[in-house]
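Chain by chain, the residues:
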Amino acid sequence: MKAVIPAAGFGTRFLPLTKAQPKEMLPVVNKPTIQWVVEEAVDAGITDIAIITGKHKQAIENHFRPTKKLEQALEKAGKLSELEEIRKVNNLANIEFIIQEEQKGLGHAILCAEDFVGDNPFAVLLGDTICTGNPNCTRGLVNMFKERNSSVFSVEHIKPEETTRYGIVSGKEVAEGVMLVEDLIEKPEPEEAPSLLGIQGRYVFTPELFEYQRKVRSGAGGEVQLTDAMRYLAKNDKIFSWRFDGKRYDIGTMKDWFQSHLELSIESEFSSVLEGVLKKL
Ligand code: G1P
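For every chain, the first residue of the written sequence is number 1, and numbering continues from 1 onward in sequence order. Per-residue local features are limited, in this predicted model, to residues with pLDDT of at least 70; the limit for side-chain atom pairs, both in listing and counting, is 80 or more; totals at the level of whole chains, interfaces and linings are taken over all residues. The basis for the side-chain values is all heavy atoms of the structure; hydrogens and waters are excluded.

(A) Region of the structure containing the site of the ligand. All residues in the neighbourhood of the ligand are listed as Arg13, Leu106, Leu126, Tyr166, Gly167, Glu186, Lys187, Ile199, Gln200, Gln225, Thr227 and Arg248. Contacts described as polar in this section are N or O atom pairs within 3.5 Å, which, within protein, must combine one atom able to donate a hydrogen with one able to accept it, while residues neighboring in sequence count only if both atoms come from side chains. Measuring from an oxygen atom of the ligand, one finds a side-chain N or O atom of Lys187 at 2.7 Å. Working definition of accessibility: Shrake-Rupley area with a 1.4 Å probe, residue cover restricted to the visible protein chains. Compared with its free state, where it exposes 380 Å², the ligand has 85% of that area covered by protein. Under the scheme applied, nonpolar residues are Ala, Val, Leu, Ile, Met, Phe, Trp, Tyr, Cys and Pro; charged residues are Asp, Glu, Lys and Arg; polar residues are all the others, including Gly. A breakdown of the residues in the shell around the ligand according to their chemical character gives four nonpolar, four polar and four charged. Throughout, near means a residue has at least one heavy atom within 4 Å of the molecule or strand.

(B) How the structure looks around the packing of helix α3 (residues 68-76) against helix α4 (residues 80-90). Contact geometry for α3 and α4: axes closest at 9 Å, N-to-C directions at 155°. Relative to α4, the element α3 lies roughly antiparallel. With respect to the hand of their crossing, α3 and α4 are arranged in left-handed fashion. Counted together, Leu70, Glu71, Leu74 and Glu75 of α3 and Glu82, Leu83, Ile86, Arg87 and Asn90 of α4 form the full contact between these two elements. When grouped by side-chain class, the residues that make up the contact of α3 with α4 number four nonpolar, one polar and four charged. The axes are straight lines fitted to the C-alpha atoms, using for helices just the contacting stretch, and the angles between their N-to-C directions are given from 0 to 180°. Put simply, DSSP H or I for four residues or longer makes a helix, DSSP E for two residues or longer makes a strand, and each gets a number counted from the N terminus. Angular relationships are summarised with four words: roughly parallel below 35 degrees, roughly antiparallel beyond 145, roughly perpendicular across 65 to 115, and oblique for the angles in between. If you view the pair so one helix is near and one far, a crossing is left-handed when the near helix is turned anticlockwise from the far one by less than a right angle, and right-handed when it is turned clockwise. Contacts: residue pairs with any heavy atoms within 4.5 Å of one another.

(C) Summary view of the packing of helix α8 (residues 208-215) against helix α9 (residues 226-236). The interhelical angle for the contact between α8 and α9, taken along N-to-C directions, is 120°, at an axis separation of 8 Å. One way to sum up the angle between α8 and α9 is to call them oblique. Crossing hand, α8 versus α9: right-handed. Taken together, the residues of α9 that come into contact with α8 (itself represented by Glu208, Leu209, Tyr212, Gln213 and Lys215) are Leu226, Ala229, Met230, Tyr232, Leu233 and Asn236. Counted by class, the contact of α8 with α9 contains seven nonpolar, two polar and two charged residues.

(D) Main features of the nonpolar core. By convention a nonpolar core is built from buried Ala, Val, Leu, Ile, Met, Phe, Trp, Tyr and Cys residues, the set being connected through side-chain atoms within 4.5 Å. Burial classification: accessible surface area is computed with a 1.4 Å probe over protein chains only, and a residue below 20% of its type maximum counts as buried, one above 50% as exposed, and the rest as partly exposed. In this structure, Phe122, Phe153, Tyr203, Phe205, Leu209 and Met230 are the most contacted members of the largest nonpolar core, which totals 33 residues. With 32 residues, the next largest nonpolar core counts Ala3, Ile5, Ile60 and Leu125 among its residues.

(E) Representation of α9. Buried residues of α9: Leu226, Thr227, Ala229, Met230, Leu233 and Ala234, and no others. Each buried residue of α9 lies within a common arc of 155° when the element is viewed along its axis, so the set occupies one face. This arc describes the spread of directions from the helix axis toward the C-beta atoms.

(F) A look at α4. Those residues of α4 not exposed but buried are Leu83, Val89 and Asn90. Taken end-on, α4 shows its buried residues confined to a sector of 125°, consistent with a single buried face. Along α4, the residues that are exposed and aim more than 90 degrees away from the buried face are Leu80, Ser81 and Glu84. Where the residues of α4 are buried, they touch α1 (33-43), α2 (58-64) and α3.

Now the structure itself:
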């Protein structure tokens, strides 16, 4: 299975921080957000990955590409642990970069990966979203995909006032936390939302998704939405939602970014720093 990581948006919810710096490159503890996402795919057993990015986001590509001059300089200076660290990043996965020429929406970004994916099932991980948990969210979805042989994606309970930020799902519960999806709506007003289950940004699709995605015209926010292709999939085929109980951080928002930094520090080398700060509160 291959993975597609869309990371081409302008990051408008996070300006001015994202004016020159892609939101996917914002650090969380000791590495950029996008590295957390790539590592999640790798931990789920997926090493062929396409990152869909924009011309304005060269920093993402630079982060994963070998940098000969830097490596030579580190070697010469005897900074071997630093050298090992950056080589680890270079060798994390086989990463291909695909440029989305125009920012026409998430569904359009996914279509840019059609040739890369070919006629195979594939995972999608939003590049600005970190999920933790054991098994990790993508692994959980891959397992469920194998079990049900159908497309599947993760959801979480959201608050009524948050419906305009999410794709919202309705359907029939077929097992604990698993629903056969009947309908999906992208970013509805609270009174139009069919439930309070929001799409989190982790998916595993059969290749038929592309067929439906090609039919989709611009929808919510004037963008070509992935949710609309999933809606076709639900009507013509089968797609399941799965309630993911691990933690999810939307690094497109200041609150989640800040929270992720603190919470993910707890198990890092910086936990004592965090402890010291907390004592001062
Ligand atoms: C995207 C999806 C939406 C999903 C959300 C999760 O929206 O279109 O269905 O609920 O991610 O963050 P975006 O946040 O890119 O506007």
